[in-house]
Each structure stands twice: as C-alpha cells, then as structure tokens.
Amino acid sequence: MDNKDECCSTHLIDGDGVFNVAGVENFMKEVKLAECGLSYAVVSIMGPQSSGKSTLLNHLFHTNFREMDAYKGRSQTTKGIWMARCAGIEPCTIVMDLEGTDGRERGEDDTAFEKQSALFALAVSDIMLINMWCHDIGREQAANKPLLKTVFQVMMRLFSPRKTTLMFVIRDKTRTPLENLEPVLREDIQKIWDSVPKPQAHKDTPLSEFFNVEVVALSSFEEKEEQFKEQVASLRQRFFHSIAPGGLAGDRRAVVPASGFSFSSQEIWRVIKENKDLDLPAHKVMVATVRCEEIANEKYVAFSENEEWCQLEEAVNSHSVRGFGRKLSSILDACLSDYDAEATFFDEGVRSSKRKQLEEKLLQLVQPAYQSMLGHIRSDTFERFKEAFEKALKGGKGFALAARECAESFMSHFDEECTDAIIEQAKWDSSRVRDKLRRDVDAHISEVRTAKLAEVTTLYETKLNEALAGPVEALLDGAGDDTWPAIRKLLQRETDTAVSGFAAALSGFEMDEESRDNMVFRLKDYARGVVEAKAKEEAGRVLIRMKDRFSTLFSHDQDSMPRIWTGKEDIRAITKTARSASLKLLSVMAAVRLEDEGDSIDKTLVLALVDTSSSKSISSVDPLASSTWDEVPPSKTLITPVHCKSLWRQFKTETEYVVSQAIAAQEASKRNNNWLPPPWAIAAMVILGFNEFMTLLRNPLYLGFIFVAYLLFKALWVQLDISGEFRNGVLPGLLSLSTKFLPTIMNLLKRLADEGQGTASGQQPQGNPALAAKSFRGSTNENGEVSTSTTSEVTSENGTEYSSSSLHDKTQ
C-alpha cells in the first residue's frame, strides 16, 4: 500500500526498548494530533510472530507497515513498536504494530520485551487487537495466555485500569462455527482474570468492569483472499466513530488529551522499564487511609442497622411518609457527624476523601427509599388528579378549562410534596419523576378527551339517525317527483340542527379550527351516509314496494275504499295508472340524488318500459342495456338500468294475476247483473206484441191473470233461488232446479190452500181487508222439505201500517 503521506508511520520504540521522542513529536505535528483534543483513539495489535499482524493492519486501516515476504521464509519483520495513523477513519485513530511474540530471534528465555510492550499497549490503547491462529485456540503458549496473565497483574498495580476493548481476531477460520469458538476464548480470558492477584480495592471487581471482550473471525488471506478482504472491510466499519457512546472506544474516563499523548506515553514506558510496581505513600497517609476506611465502614454498618432508618425504609416501601426528607437528612447528618468526630485527627485529605466515599455509599443505600417516596407521591397525585378532573367535568365545567386547572393545581402539589422529600446531603433531581407524572396526566387527559369526543359524536350521530332514518323511509315509500327534494330539505334541516348543537358541545374542548371543522365535516358526512344507507336498504326492497303500491292503487278507489268490480270500471286505465306509479317508485329508488342535479332516469324508464312502441320506433337500441345511468356517477347508483329492466319484468309477471282476477270478476258481475234481453230484442217484442198489448187493454181481466201469474213466478224465483243456482254454471243449475221444482210447487199450493181455509173460518184480523203481499220466500232443507214465510203489510183507516209474518210450515 502506498499511504505514506497520510499514514506517517514512525518507529515509536525500537527493538532495544529506546523510546523515539523526536519521532513521536514529529509524528504529532505531521498528523496534527494536538488539535484533536479528546477526539482520538489508539489501537494496538499483539500476537505471535509471522501471524499476519502487519498484513491485517494494512488492510484494515490502510497503513503501510512492512509485511513479511512469504517467499523469503518466515522471520521477524516488525522490531519494537511501530505507530501510524489510520487512513480514512474518523475520528483520528492511531494504530501501533507490536513486535511478534514467541519469536526465535529473541530466544526462548528473553520474554521481557514481550511483556513490556504488551503492558505498554494495554496502558495507552483504547482497543487491543489480539491476533491468533484458529488452530491455537485452547492452547497455552500459542494463545498468549501466560503473557496476558502477567500483563493483567502488573497493569493492576502500576496504573489505574480503564475500560479497554480486547478484540480477539481469529485468523484462518476453519469449519468450526464462531459460536463454538467464542465461548472457549471468553472462558480462557475469565480464568486468566480470576487467577490474577488483585489489589484489595479490586479484589471482587469483575472482568467486564475493565475490559470489553470482542471476538471476530477472518478467512485465510492466502487461500480465500477475496473473502478475507470483504470481512476486513466489514470489520473496518466498526472503527468509524469508535469513541461514540457504545463504540469500541466509548469509555473516555481516563483518556489523556491528545496534546499530552507524547509525554504520557513516555512516562508509561519509563515506569514499565524501571519496573516500579508501587509508589508507596507516606506512613501517616497509609495509616489514615486504613483507619478512615475502617471508621467509614463501621458508620455505614451502623447506619444500615439504625432502627429509625429501618422503620422509615419499611414505611416508605408501602406508602408515602410525611417529612421523609427531613427525617432521613437528620439520620444521615448524625452518621456523618460521628465519622467526623472519630476521624478528626487523621490526614485531612484522606479523611475528606473517605468521608466523601462514605457519603456516596450512604446515599446509594437510601436512594431506593427516596425513589419509592417519589413514586408514592407521583401515584397519589395522579389518582387525586383523576378524581378532581372527573368531578370538574361532572360539574359542567368545560373540558379544556377543567383539564388545564386540574393539571396545574396537582403539578404544583407534586412539587410541594417533592420539596418535603428532599434529602439535604443529596443533590438529586426529581425532574424525571415529574416528567413521568406530566406524561401520565397528559395521557389521561388525552384518553378522557378522546372518550368524551367519541361520546359527543355518538350522541349526535344517534340523533341524526333517529331524525333521518324513519322520515327518509316514509318519503321513499311514497316516492314521487318531490321525494328527493323533500329528502334534501330534511337532510339540510336536521344536519344544520345537529351541527349547531355539535359545535356548541365542541366549544368546551378549545379545539383548533381545523380539527373542529374536520369533526363537523365527518358529522355531515355521517348524515349523508344515513340517508344513502337507508336509500340503499329501501332499494333492496323496491320490488316489494312496487307490488304494494300497485296493489293499493289497483284495488282501492280514490277514497281508499276497496273496489267492487261491477263491470263499469276501466281496468286498462286503472292498471296503467297503478303501473305508472310503481314505475315512478322504481325511478326514484334507482339513484341517490342528494345534489340538486337533474337526470333522465324517469324519462328513460318510461320510454323503455311503458311507451315501448314509441321507443322502438325512435331507436332500436335498448336504453336499459347498460350498467350505468347517464349523468349519474356509479357511486350514486342504487339500481342499474339492467337491474331495473329485470325488476320491471318480474313486477309485471307477479301483478298480471291480480289484473286477470279483476277482469274475471268484472265479467262474472256483468253476467250476474245483466238479465235483460238486448235492446233489439226489446224493440222487436214491442213491435210484434202491439196487438196483444191492445187486447190486454181492451179486456182488463187478462191483467188480473197476468198479475197472479207474475206473483206465482216471483214466488218460484225466490223459493228456488234461481240466480244463486246458476252462479256455478248452467248445467249444475238445471240439475239442482229439477230436483227442487216439484216440491216447491206442492208446497206453494198447500200454503195457498191453508190461507184460503183460514180466511173462510174467520181467522183474518179485523180491520181493513185490503192486503198486499209484499214478499214471499221459501226454502228447501236437505230432506227436500220446503219452508215458506209470508210478510204482509196492513194499513189501517187512520194510515198506520202494521206488519205480520206467518210462521214457517214444514212439510214432513
């Protein structure tokens, strides 16, 4: 790689352990490291000799470290520690290439420089790459375990450890999955950490406190070069913005400013070279440190066992405690005062430091109780807010005003309660709990607001449904030319009424104009939806409605009285009128007409279904052979033209029977009521019977015989019920009369004889002898017996009429 101008590689420490001060200073000027402040990262790599460290760095960071020439044999390439800047990575990243371990050039026993260089790299680096062969995993020497153990141990004593990322780079990965290799490495590192002697302060400190362990695997550079380059390119992306929180170099607690990098690294290397394991403090400081720490531990234990604190802690776990902050501050102050009294004669710096540590531990101990107290205050305040808010709404106060007043009132109450819970020794902020309470309050207000708006909307939608559904159904049932104008007028009137009330109900919510207009628009849209839904529902029953209307108009007259088909009615005209009214109903139901826009549906239906002769003469194309109406959008169509034609055909089929029945009834009525001969027959009888008529006039005695014959014929007509017998047909009538004729004649003669005998015996009542027989009726029972009844009216001299009826006589 030719990145010399950008990488600026330099020999940091030579093979003899000499620190290149001038080279480092020149390097810092070349890369302008001093200008980076804290925005830089240091990466180093360690591993066995000839394991491809320089090759990996050159591909990973685009550096120009010298690589081993495999064709010349395996030998030491990197001596000491080389340093270069990573090309194209932000922030500024410095990479150090360490001399390989376990090299034959230094020999078996000369491992001092390996340990020193590894310790130096761990002390100054943010990220340590540990290069190792895949087949060395699980081995002792080849995996650098002894080296890591020594480095960990010395580092804990010489320097203040900081969190460093240990990235194990497994080279020439085999078929063994990385998921199986990674646990082995992590277990080995944990064992090394557990076996390292640690200072008392870090005796129980876990490995994760000081190191982030990462494991990556790369394919063979020689056998799978392209795959190796792709994996290295992917790994390179992880070093961009490495100092960001959560990045590979995210822990910046002990980072040295870039301007002091040279001096810091010189001092670290000097301490390592001189092997000054400990810098022992003065004796009194050491004594103060030990004794103050003992006193602090005693006071901590005493506080944790304090009866008043235990009671307070137990109480606050279940409910809020009045005066919590004042009580706990008093207990803490007493504990710290006891510490000050016992540690007053020790070194001031140590005493203050241990006091601060004690105070931090005590505050850490009581912090859960403080958080519980804040939690109780928050929950109690929230519950009381909900009750007050509900009460305000029930009292008729506007929603927005009630929400604002209640929220402000109870947030102020929360602040007062938090002030009462403040611990003097702690500077804890309750803003997070306050923000959570505010979010809960806002969420509850939003939830109630949504519910109330839904309730108001449902109320007015119900009112609109009640005000529109029934009237619209009635208007469509009586469909006519003014149906849709009436529906539009009804819709406008009810919508305006509902919108007026709805807008008044929304005023209490203090909504923005756009939201209010949207809700009003949705209400208007709902009203139209009710009308359209009802129209669609009625359109589904249009055939039933058409038959009902036809039946009503055809079977009833203008006074809504049932028609009696006497033979004088014009059935054709009545049928046409009834069908035209039904067709009008179909045209009204065919489309929704909520906009005052004309259409030709009615005219089209009349031309296509009623005036068929004229429509056929005008055009041979069926106007109903379509799925859409002219000037009517499909969304407003309820019944398509094709469907209208089908409905009309079905309607005519189902109503033809009613018309045929009416025609049959009319013909039967004509037959029953028309007993007179034709007019020509009457004229012929008058002309041909003139002589006989004159004979009757000349001899009045004939009139008496004719009158008597008429009475006998009338009596026979009534007794035999001739009109009723012939109602079922001529032949059945003749057969029935033949069986009844002789008994009836005999019965009449007997009655006349009985009447004559009664008159001769003097049984006739006194008074005017003038007797007019007005009616004479007889009937034959099922045994052939004939019963007769006569009614006579008698007129007295003073003009008063009397009537008498003879009893029925039965012939046995």
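Reading the values: rules and limits
- Residues numbered from 1 in each chain as written.
- Predicted model: local features only at pLDDT ≥ 70, side-chain atom pairs only at ≥ 80, totals over all residues.
- Heavy atoms only, no water.
- UniProt positions renumbered as here; feature names shortened; annotations may be inferred.
- Helix = DSSP H or I, 4+ residues; strand = E, 2+ residues; numbered from the N terminus.
- Contact = heavy atoms within 4.5 Å.
- Buried < 20%, exposed > 50% of the residue type's maximum accessible area, 1.4 Å probe, protein only.
- Polar contact = N/O pair within 3.5 Å; in protein donor to acceptor, adjacent residues only side chain to side chain.
- Phe/Tyr/Trp six-rings, centres within 6.5 Å; stacked < 30°, edge-to-face > 60°.
- Lys NZ or Arg CZ within 6 Å of the ring centre and 35° of its normal.
- Expected span 1.5 Å × (residues − 1).
- Arc of directions from axis to C-beta.
- Patch = residues over 30% accessible without salt bridge, like charges linked within 9 Å, V, L, I, M, F, W, Y side chains within 5 Å.
- Areas by Shrake-Rupley, 256 points an atom, 1.4 Å probe, with all protein chains shown as cover.
- Salt bridge = Lys/Arg side-chain N within 4 Å of Asp/Glu carboxyl O.
- Core = buried A, V, L, I, M, F, W, Y, C linked by side-chain atoms within 4.5 Å.
- Pairing = 2+ DSSP bridges.
- Axes fitted to C-alpha atoms, helices over the stretch in contact; angles between N-to-C directions.

- As annotated in an unreviewed UniProt entry, the protein chain is Protein ROOT HAIR DEFECTIVE 3 homolog from Anisodus acutangulus.
- The annotation that UniProt attaches to the protein chain under Sequence similarities (unreviewed entry) is "Belongs to the TRAFAC class dynamin-like GTPase superfamily. GB1/RHD3 GTPase family. RHD3 subfamily."
- On record in UniProt, under Function (unreviewed entry), the comment for the protein chain is "Probable GTP-binding protein that may be involved in cell development."

**A short note on the UniProt feature "binding site: GTP" (unreviewed entry) in the protein chain**
So, step 1. Those places that UniProt annotates as "binding site: GTP" (unreviewed entry) correspond, in this numbering, to Gly47, Pro48, Gln49, Ser50, Ser51, Gly52, Lys53 and Ser54.
So, step 2. Tracing the sequence through the fold places serine 51 in the loop between strand E2 (40-46) and helix H3 (53-61).
So, step 3. Once you skip the residues sitting within four places of it in the chain, serine 51 turns out to touch Asn131, Trp133 and Arg171.
So, step 4. Position of lysine 53 among the secondary structure elements: in helix H3.
So, step 5. For lysine 53, a relative accessible area of 7% gives the class buried.
So, step 6. A polar side-chain atom of lysine 53 sits 3.3 Å from the main-chain carbonyl oxygen of proline 48.

**Observations regarding the packing of aromatic side chains**
So, step 1. On inspection of all chains with the given rule, the structure shows 19 aromatic pairs.
So, step 2. With a centroid separation of 5.4 Å and 65 degrees between ring planes, the pair formed by phenylalanine 389 and phenylalanine 399 is classed as edge-to-face. In this pair, phenylalanine 389 sits in helix H12 (residues 348-394) while phenylalanine 399 sits in helix H13 (residues 399-420), placing the two residues ten residues apart along the sequence.
So, step 3. Through pairs of rings, three or more aromatic residues link up here, namely Phe382, Phe385, Phe389, Phe399, Phe410 and Phe509.
So, step 4. Taking NZ or CZ as reference, lysine 361 lies 4.5 Å from the ring centre of tyrosine 300, over its face.
So, step 5. Over the face of the ring belonging to tyrosine 460 we find lysine 463, whose NZ or CZ atom lies 4.8 Å from the ring centre.

**A few points about helix H6 (residues 178-195)**
So, step 1. The first and last C-alpha atoms of H6 sit 26 Å apart over 18 residues, in line with the 26 Å expected at 1.5 Å per residue.
So, step 2. The complete set of buried residues in H6 reads Leu181, Leu185, Asp188, Ile189, Ile192 and Trp193. Viewed along the axis of H6, the buried residues span an arc of 135 degrees, placing them on a single side of the element. Away from its buried face by more than 90 degrees, H6 exposes Glu179, Lys191 and Asp194.

**Some thoughts on unusual backbone geometry**
So, step 1. Of note, the bond from glutamate 90 into proline 91 is cis; its omega dihedral lies within 30 degrees of zero at 0 degrees.
So, step 2. For proline 91, the location among the structural elements is in the loop between strand E3 (81-85) and strand E4 (92-98).
So, step 3. In this model, lysine 32 sits at a positive phi of 55 degrees, which is unusual for a non-glycine residue.
So, step 4. On the basis of relative accessibility, which here comes to 51%, the residue lysine 32 falls in the exposed class.

**Let's talk about a nonpolar patch on the surface**
So, step 1. Residues Phe707, Val708, Tyr710, Leu711, Leu712, Leu742, Met746, Leu749 and Leu752 make up a contiguous nonpolar surface patch of roughly 910 Å² in combined accessible area.
So, step 2. Within the residue set of the nonpolar patch, elements represented by two or more residues are helix H24 (701-720) and helix H26 (730-760).
So, step 3. In terms of residue count, H24 provides more of the nonpolar patch than any other element does, five residues in total.
So, step 4. Summarising the element assignment, leucine 742 is placed in helix H26.
So, step 5. For leucine 742, a relative accessible area of 57% translates into the label exposed.

**Remarks on the environment of lysine 636**
So, step 1. Position of lysine 636 among the secondary structure elements: in the loop between helix H20 (612-618) and helix H21 (641-673).
So, step 2. Placed 104 residues apart in sequence, lysine 636 and glutamate 532 show a C-alpha to C-alpha distance of 8.5 Å.
So, step 3. Discounting residues that sit within four places of it in the chain, lysine 636 has contacts with Arg528, Glu532, Ala591, Val592 and Glu595.

**Some remarks on the nonpolar core**
So, step 1. Within the largest apolar cluster, 107 residues are counted, with the highest numbers of intra-cluster contacts made by Phe324 and Phe389.
So, step 2. It is H12 that contributes the most residues to this core, 15 residues altogether.
So, step 3. Ignoring anything within four residues of it in the chain, the contact list for phenylalanine 324 reads Leu312, Val316, Ala369, Tyr370, Met373, Asp420, Ala421 and Ile423.

**Regarding the sheet that holds E4**
So, step 1. Read from one edge to the other, the open sheet built from seven strands follows the order E1-E3-E4-E2-E5-E6-E7, with strand pairing classed as mixed. Of all the strands in the sheet, just strand E1 (10-13) and strand E7 (211-217) have a single pairing partner and so form its edges. Along the sheet, successive strands turn relative to each other by an average axial angle of 25 degrees, direction set aside.
So, step 2. Examined bridge by bridge, E3 and E4 share five bridges and lie antiparallel to one another. Across the sheet, the residue bridging to alanine 84 is valine 95, located in E4.
So, step 3. Relative to E3, helix H2 (residues 21-31) is tilted by about 15 degrees, and along the sheet it contacts E1, E3 and E4.
So, step 4. Helix-sheet contacts for H6 involve strand E5 (127-133), strand E6 (164-171) and E7, and the interaxial angle to E7 is about 150 degrees.

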